[in-house]
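Summary of structural features
Below are the chains, spelled out letter by letter.
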Amino acid sequence: MAQDQTNSADVLIALAPGTGALRQRLEQAILGDIASGRLAPGTALPPSRTLADTLGISRWVVTEAYGHLVGKGVLEARTGSGTRVAAVAPGESLVEPVETRFRQAQPAVRGPGLERAPDRATHDLAPGVPDLRHVPREAWARAARDALAEATNQDLGAQPPAGHPAARAAVATHLRRSRVVSGPDDAVVLTRGAADGMSRIAAALSAAGHTHLLVEDPSWAALRDVATGAGLVPVPVPVDDAGISPDRLRVEAARTGARAALLTPAHQFPLGAALSDERRSGLLDWAREVDGLIIEDDYDAEFRYDRRPVPALQGLDPDRVLLLGSTSKTLAPAFGIGWMVVPQRWRAPVLDVSVRRGPAPGPATLDQLTLARFVADGAYARHLRAARTRYARRRAALLAGLDRELPGALVGGIAAGMHVTVDLAGVRVGADAAAVDAVVDAAAVVREGAARDVALVDLRRYQATPSARSTALVVGYGNLADARLAEALRCLRAAVEAAVSG
């Protein structure tokens, strides 16, 4: 479908009536205009500065609203194309409200009494999202301009299935320096993100006769679901405070015949452990013994605050470990760029899957060239250094605030990443700070948090088979504004108190 060529500055958007937060009123206005058909799919929205000046509000309000709706899939943001209303898939109705369609597309949350945390709430304590306020927009835009100016006619032609060679080389160089990854440039395959990479290797495993995949429990459900979609049966292996146990993994592998495992060795999600050298060796020994493959999800591994980041497991055995990574946590999910570092024996099967997916299986070539320039100029490394400093400071403030607002709560996870676990079993609440007799139900805290515009997540969301009850939350601080930290924790305390008294 051709995009609307109307000058985006001429598109009129007004704040929705009411007394709510400006960001929410702007989002409501945009959603209403889309649902009514006034803003058709593909319509370009005004630049954030222009709309802010027109409405007499802060540019931050506009960028936050746009970013929130991009995250929901209602809007699309592409370098050089501005922000537009998302295109409608073939057969979808233009009459049905856009937000309703995207909400219905979300997978149902499993388990007793579990609720989905609000998306991008005012007090965003949900895990998995980086600081969207500090996305390096200007540096990325400069890299995009330079990349386009330097692109050859051949660069603008058909896209290689594994990605543009310059981008693959840039990613390989970065990973060798920052993650101690081993392998040639052509071991790198560019993807649209970790889930896309997982879908390709899962399809290759299935085609090679694999039927089961060992997964950590709890873990990020999205990648488990991708494996299921490719025909693999996930086999949960319990994770303890030190990560996954090679002994437990061996038991489940022998029981099911599984010879592939999906792991997060650098920073287990969501429990937050870093795998010890002894356990790393045990896992590699198992993979060699069974002629197996370890898929290493390098989840927020760039962020370690008490020491240098733990090197990737891949560097210890490039023939047995496939590394998955992306810019989702280091930049933002909207960039849609990821990579795999693929062992030699799996490169042809993975590329075969990529070829079968069409002429452009990976991110747009210009986005790949932009990433290459962004990395080569040192902008990516500078952004990561600044992000580490910011997250380390925020984590320290979060821990101090939790100790003040929720005495007795047990905080788990190493000093890394963008989340911690908070077990409320021993929390003391109330005016006299006496230990409560009632068991704190995490699901009830999530509900009470939502009523206070606080995004919270019950640990059970990440369990393969959710337990009957939970006292633990997974608390993210990546997208939490520093200025709102204290208020967010006061709201969290109020949510816990309400859950206990209710």
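Residues numbered from 1 in each chain as written. Predicted model: local features only at pLDDT ≥ 70, side-chain atom pairs only at ≥ 80, totals over all residues. Heavy atoms only, no water.

Okay, the nonpolar core next. Counting 64 residues, the largest nonpolar core has L424, V445, L473, L492 and V496 as the members making the most contacts within it. The element best represented in this core is helix α15 (residues 485-501), accounting for eight residues. Apart from residues no more than four positions distant in its own chain, L424 is found in contact with L406, A409, V440, V445, T471, L473 and V496. Judged by nonpolar contacts, the second largest core, of 23 residues, contains A162, A227, L232 and L324. (Core = buried A, V, L, I, M, F, W, Y, C linked by side-chain atoms within 4.5 Å. Buried < 20%, exposed > 50% of the residue type's maximum accessible area, 1.4 Å probe, protein only. Helix = DSSP H or I, 4+ residues; strand = E, 2+ residues; numbered from the N terminus. Contact = heavy atoms within 4.5 Å.)

Turning next to the pattern of salt bridges. If you walk through the whole model with that rule in mind, you get 28 salt bridges. For E252, the salt bridge goes to R255, with nearest N and O atoms at 2.7 Å. On the criterion of helical spacing, the pair formed by E252 and R255 is a turn pair, its members being three residues apart in helix α9 (residues 246-256). Taking the shortest distance from any N to any O, the salt bridge between D291 and R345 comes out at 2.6 Å. You can see D291 sitting in the loop between α10 (277-289) and β9 (293-297) and its partner R345 sitting in helix α11 (residues 344-356), a full 54 residues away along the chain. You can call D291 partly exposed: its relative accessible area is 35%. A single salt-bridge network, built from bridges that share partners, covers D131, R133, R390, R393, R394 and D482. (Salt bridge = Lys/Arg side-chain N within 4 Å of Asp/Glu carboxyl O.)

In this section: the sheet that holds strand β11 (residues 338-341). The strand order across the open sheet formed by eight strands is β4-β11-β10-β9-β8-β5-β6-β7, and the pairing between neighbours is mixed. Edge positions in the open sheet fall to β4 (188-191) and β7 (243-244), since each of these has one partner strand only. Here strand β5 (residues 212-217) pairs with strand β6 (residues 233-240) via six bridges, running parallel. Pairing of H212 across the sheet is with V233, part of β6. Contacts from helix α7 (residues 194-207) reach β4, β5, β8 (260-263), β9, β10 (321-326) and β11, with the element oriented near 155° to β10. (Pairing = 2+ DSSP bridges. Axes fitted to C-alpha atoms, helices over the stretch in contact; angles between N-to-C directions.)

Looking along a regular strand, one sees side chains alternate from face to face of the sheet. Read as a crossover between parallel neighbours, the route from β5 over helix α8 (residues 221-229) to β6 is right-handed. Across two bridges, the pairing between β6 and β7 is antiparallel. Bridge pairing in β7 places D240 opposite G243. Between β6 and β7, which pair antiparallel one after the other, the connecting turn spans two residues. (Right-handed = clockwise from strand over helix to strand, strands pointing away.)

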